[in-house]
Amino acid sequence: MQPRPREILGLAACAAILLWQLFLPGFIGLADNRDFAKVAGRVCIGRVDELASYYVYFHADYDREQRYCWDSGIPTSQLFLAQTASWVQRHAGDPKHFDIRWLGAIHAILFLAGWYTLLLALRPLQGLGWWIALAAALWIFLDVGFVSYLNTFYTDAAGVVGAMIMLPAALCLFSSEVSQTGMTLWFGLGALLFVTSKGQHAIIAPILIGVLWISSRRRALKIGVSAALIAGAVWVLLDAPTWYHAQSRFTLVFAKLLPASSTPSQDVAELGLEQSDLPLIGQHAFLPYSPAFNPVWLDAFAHRSSFRGILLFWLKHPWRTLGILHSDLANEAWKRRPLEFSNFQPQAGYPEGARTGRWGSWSALMTRLSRWWPTLVVFWYALVLIVAPRSSLVRWIALLGIGEFLIASLADARETDRHLLLFHLFTDFTIFLMAVHLTKQDDAGIAIDRLPLHHHSNR
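Bear in mind the structure is a predicted one, so any value in this text is a computation, not a measurement.

The rules we used
- Residues numbered from 1 in each chain as written.
- Predicted model: local features only at pLDDT ≥ 70, side-chain atom pairs only at ≥ 80, totals over all residues.
- Heavy atoms only, no water.
- Helix = DSSP H or I, 4+ residues; strand = E, 2+ residues; numbered from the N terminus.
- Rg over C-alpha atoms; globule rule 2.2 N^0.38 Å.
- Buried < 20%, exposed > 50% of the residue type's maximum accessible area, 1.4 Å probe, protein only.
- Contact = heavy atoms within 4.5 Å.
- Pairing = 2+ DSSP bridges.
- Axes fitted to C-alpha atoms, helices over the stretch in contact; angles between N-to-C directions.
- Expected span 1.5 Å × (residues − 1).
- Arc of directions from axis to C-beta.
- Parallel < 35°, antiparallel > 145°, perpendicular 65-115°, else oblique.
- Nonpolar A, V, L, I, M, F, W, Y, C, P; charged D, E, K, R; others polar.

A. Local environment of the overall build of the chain. The secondary structure content of the chain amounts to 21 helices and 3 strands. For 459 residues, the compact-globule estimate of 2.2 N^0.38 gives 23 Å, and the chain sits close to it at 22 Å. Reported as C-alpha extents along the three principal axes, the dimensions of the chain are approximately 70 × 55 × 45 Å. Across the 459 residues of the chain, 55% fall into the buried class. For the chain, restricting intrachain contacts to residue pairs at least 6 apart in sequence, the fraction spanning at least 24 positions comes to 76%.

The structure is reproduced here in structure tokens:
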């Protein structure tokens with residue numbers, strides 16, 4: 001489809017904000033919490049200033065040396081993006097050093113492609129309505145809470161760009177103005193990037209398959225893309241190393257589940273653990289004195305614990321489960337931007353842990369709302385599921401958001417606030433689409449009924 005002048009302007013506006021945030025002098029990113037090496041180590045990239053503290057500063061400069069090589073074995077689509085950036089930088093720049101903005105450029109290109117897809121989905125809007133929708137989308141989806149991840153090695157970056165491709169593509173698939181074949185494949189690419197970014201996202205692959213089947217009219221392609229998503233999810237969930245799953249379970253059990261227990265001995269037995277594990281309550285897997293650093297102990301723990309057992313525990317104790325969910329709503333979900341993660345490099349002159357406020361008004365607003373009324377999002381999701389048309393894409397995005405929250409809250413315990421990133425993105429997408437859908441003017445204003453938010457009977 002040929003871009004229209006207003007769409008070129010919308011694309012340029014997005015590119016300008018990304019350029020300002022990620023590439024020009026004073027650019028920002030997000031501090032490393034020691035997770036970067038899980039991806040960067042597989043392309044033999046490590047931080048130049050190894051003695052600098054994690055969390056409190058963002059670092060952009062890295063070396064490429066043999067001593068940084070480490071194969072974490074964690075399956076993730078983020079590795080493919082990092083390998084692409086590493087190959088391009090090695091051939092176009094200094095082969096001994098790596099500037100994280102090369103990876104940021106790969107992320108930004110994919111983000112821009114998804115952004116243009118969103119502009120295509122908004123094409124049915126007319127007049128002032130289109131410009132209002134553009135301004136809202138720039139305000140919400142270009143917020144620093146999302147964009148700062150693009151200058152990182154976090155696997156969440158692949159999740160963000162994948163979501164920014166698949167959701168607009170699904171919206172476009174409801175329209176008769178786009179190629180169903182091309183857009184179905186484009187949706188599949190974004191969804192596969194998202195599903196294979198990390199296990200948290202792989203679990204909700206069935207919901208994405210549901211989105212695909214209500215939106216695309218190409219049956220053969222739907223079958224093929226669905227099979228690819230299932231295969232990708234299985235790969236991420238089953239091919240991860242044992243220690244990776246065991247660390248996550250250790251922290252979930254001893255730092256989140258058992259500290260809230262009034263009967264820890266009974267709960268330990270129900271989880272298939274040993275009474276000798278009781279002194280570990282309150283620990284997480286990354287404490288320097290944690291037995292999780294002992295490979296032999298961790299392997300034994302991995303074999304006597306399982307996510308299936310934890311899931312059954314949550315189901316058998318619904319009130320405790322609801323208590324954990326409510327606690328995360330009240331204490332974690334309001335942290336749109338993790339408090340201790342800096343956006344600035346040490347040489348920028350800001351204090352440790354400082355975060356930028358530029359283009360962050362949306363996340364600041366939502367943070368204030370969440371702190372004022374932590375369960376507001378529950379009422380919002382209920383409203384979406386009740387009010388939205390039965391075949392509406394908004395309902396499916398709401399299910400994605402709910403799934404992300406449940407997994408982040410009940411399947412992990414370390415940095416829950418950061419793991420709610422995609423929950424916030426899906427929530428924001430429902431807000432954006434509902435706002436556009438409910439905004440109606442006269443014939444001289446917004447032709448909102450033409451926006452393809454749900455299937456029409458004549459399809």
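B. Structural detail: the sheet that holds strand β3 (residues 97-99). One open sheet holds the 3 strands; their spatial order is β1-β2-β3, and the pairing between them is antiparallel. Strands at the two margins of the open sheet, each flanked by one partner only, are β1 (45-47) and β3. Shown here is a sheet whose adjacent strand axes are inclined to one another by a mean of 40°, direction ignored. Of the strand pairs in this sheet, strand β2 (residues 61-64) and β3 are connected by 3 bridges, and their pairing is antiparallel. Looking at the pairing, D63 lines up with H97 of β3. Helix α3 (residues 77-92) rests against β1, β2 and β3 of the sheet, and its axis sits at about 120° to β3.

C. Spotlight on helix α11 (residues 219-238). Taking 1.5 Å as the rise per residue, α11 with 20 residues should run 28 Å; its terminal C-alpha atoms sit 28 Å apart, in good agreement. Among all positions in α11, only K222, V225, S226, L229, G232, A233 and V236 are buried. The buried residues of α11 occupy one face: seen down the axis, they fall within an arc of 125°. Every exposed residue of α11 that faces more than 90 degrees away from the buried side is listed here: A220 and L238.

D. Summary view of the packing of helix α8 (residues 180-195) against helix α10 (residues 205-215). Close contact between α8 and α10 brings their axes to 11 Å; oriented N to C, the two are set at 170°. Classed by the angle they form, the pair α8 and α10 counts as roughly antiparallel. Contacts between α8 and α10 involve Q180, T184, F187, A191, F194 and V195 from the former and A205, L208, V211, L212 and S215 from the latter. Split by residue class, the contact of α8 with α10 holds 8 nonpolar, 3 polar and no charged.

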